[in-house]
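Tertiary structure, described
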Amino acid sequence: IILGNATKRCKSKCPACPFVYANFWKPKNCPECNYEIGGSYIPKEKKRKKLHPDCAHVGRNVYSVKTSTRGDRCFVVADAENKLCNQKKCKRRRALIVASSTENIRNFSCEHIQMIDSSVQNCKVFYLTRQSIEKYSGDCNAKDLLKSLLPFLEGNEMPAVVNISEGVYAVYGPPSSVSPLGYAHLYDQENFYKCSVKNCKVATGSGRQQKISKVCIHQHVLFCVTKKEHIKSNSILEITGVETAKGASATGESSTISKPLTSCASVSRTSTVDMNMNRVLPYDIPNDILKQARKMDAATILALKE
């Protein structure tokens, strides 16, 4: 197939200079001579590329290593005797060496283990304390989980959160089969924090269209230590503009009810109450209006004429 020469269809030229633009992306001003063309296209600004270190020291013999150009990372454990990389392909390769016994396991190495020599040591660290847990705005279950992490962190002097780079955190949590070290990477997205552990990627909801991701233990640790108020829970809720049954029948006066919630109220329960509170009038209804409404109701029921 032989293609013809390119034409100037759907293209225009600036009246003041030889700049050519597409009519679909007609700019407001000419980028070369600043002549007012009259378009509405505004080019998007390029996102600033985040700089992530190749290797960062988390604590003791634990390192966080970059595995791709997109910012994905994995953990590497290296001591005097053994070196273990948690990347899938590296774990399979190490398992083959152990099963075959053809090579000394101490000599095992991969591209991620070789990055340890150039690790960054000056990362910002945060430690988990009982005072920070008591001041945390989470519920009792979250605080109990946070307290269960203290023996290991305090006994080994390990940080709870390490700020590896802009928007990337290494956060400690309970060890499991998916994350045997306990540490997980949290990535700061636009509206949420993405956890690298598969068990934490759980979504709940009543229907297929509405899914809400749960707050995992790693996110609780991050919010508690770094003082990020992403979870709001009020201990006292004031319900205004609601009349009590006895007060309305006896005196006809409106009253304000304050319902204190216990300290163990869950975040989901508190948010549900906050949503229902928006349906209540934010002011007291005068007594004469309530009396007039009751008179009209009584006249309607008894079929009386005023």
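The structure we're discussing is the one just above.
Conventions we followed
Residues numbered from 1 in each chain as written. Predicted model: local features only at pLDDT ≥ 70, side-chain atom pairs only at ≥ 80, totals over all residues. Heavy atoms only, no water. Pairing = 2+ DSSP bridges. Helix = DSSP H or I, 4+ residues; strand = E, 2+ residues; numbered from the N terminus. Axes fitted to C-alpha atoms, helices over the stretch in contact; angles between N-to-C directions. Contact = heavy atoms within 4.5 Å. Salt bridge = Lys/Arg side-chain N within 4 Å of Asp/Glu carboxyl O. Buried < 20%, exposed > 50% of the residue type's maximum accessible area, 1.4 Å probe, protein only. Lys, Arg positive; Asp, Glu negative; His and termini not counted. Polar contact = N/O pair within 3.5 Å; in protein donor to acceptor, adjacent residues only side chain to side chain. Core = buried A, V, L, I, M, F, W, Y, C linked by side-chain atoms within 4.5 Å. Domains from an automatic or database assignment.

Spatially, the 4 strands line up as an open sheet ordered β3-β4-β5-β6, and their pairing is antiparallel. Each having just a single partner strand, β3 (55-59) and β6 (83-85) make up the two edges of the open sheet. Sheet twist, expressed as the average angle between the axes of neighbouring strands with direction ignored, equals 25°. Both strand β5 (residues 73-78) and β6 contribute to a ladder of 3 bridges, which runs antiparallel. Paired with V77 across the strands is L84, a residue of β6.

With that out of the way, let us pick up the sheet that holds strand β10 (residues 183-188). Judged by pairing direction, the sheet is antiparallel, and its 5 strands sit side by side in the order β7-β8-β9-β10-β11 without closing on themselves. Each edge of the sheet is formed by a strand with only one pairing partner; in this case those strands are β7 (124-126) and β11 (193-195). Taken pair by pair, the neighbouring strands of this sheet meet at an average axis angle of 25°, ignoring direction. Note that β7 and strand β8 (residues 161-165) share 3 bridges and pair antiparallel. Pairing of K124 across the sheet is with N163, part of β8. Here helix α5 (residues 217-226) sits on the sheet in contact with β7, β8, β9 (168-172), β10 and β11, set at roughly 105° to β9.

Take the pattern of salt bridges next. Under the counting rule described, the total for this entry stands at 3 salt bridges. A salt bridge links E111 to K89; the shortest N-O distance between them is 3.4 Å. Highlighted residues: E111 in the loop between α1 (88-100) and β7 and K89 in helix α1, separated in sequence by 22 residues. A relative accessible area of 44% places E111 in the partly exposed class. By relative accessible area, K89 is classed as exposed at 52%. For the salt bridge of E134 with K147, the shortest nitrogen-to-oxygen distance reads 3.2 Å.

Our next topic: the side chain of D139. Tracing the chain through its elements places D139 in the loop between α2 (130-135) and α3 (140-148). Lacking a salt bridge, the buried D139 has K143 as its closest oppositely charged neighbour, with an N-O distance of 8.3 Å. Separated by 3.1 Å, the side chain of D139 and the backbone nitrogen of A142 make a polar contact.

Below, the discussion takes up the nonpolar core. Counting 38 residues, the largest nonpolar core has L128, L153, V161, V221 and L222 as the members making the most contacts within it. At the level of elements, β3, α4 (150-156), β8, β9, β10, β11 and α5 are the ones that each hand at least two residues to this core. Here the element with the most residues in this core is α5; it accounts for 6 residues. Looking at which domains feed residues into this core, each of domain 2 (55-118) and domain 3 (124-203 + 214-226) supplies at least three. Setting aside residues up to four positions removed in sequence, V221 forms contacts with L146, L149, A160, V161, V171 and Y172. Among the nonpolar cores identified, the runner-up in size contains 13 residues, and C55, C74, C90 and F108 belong to it.

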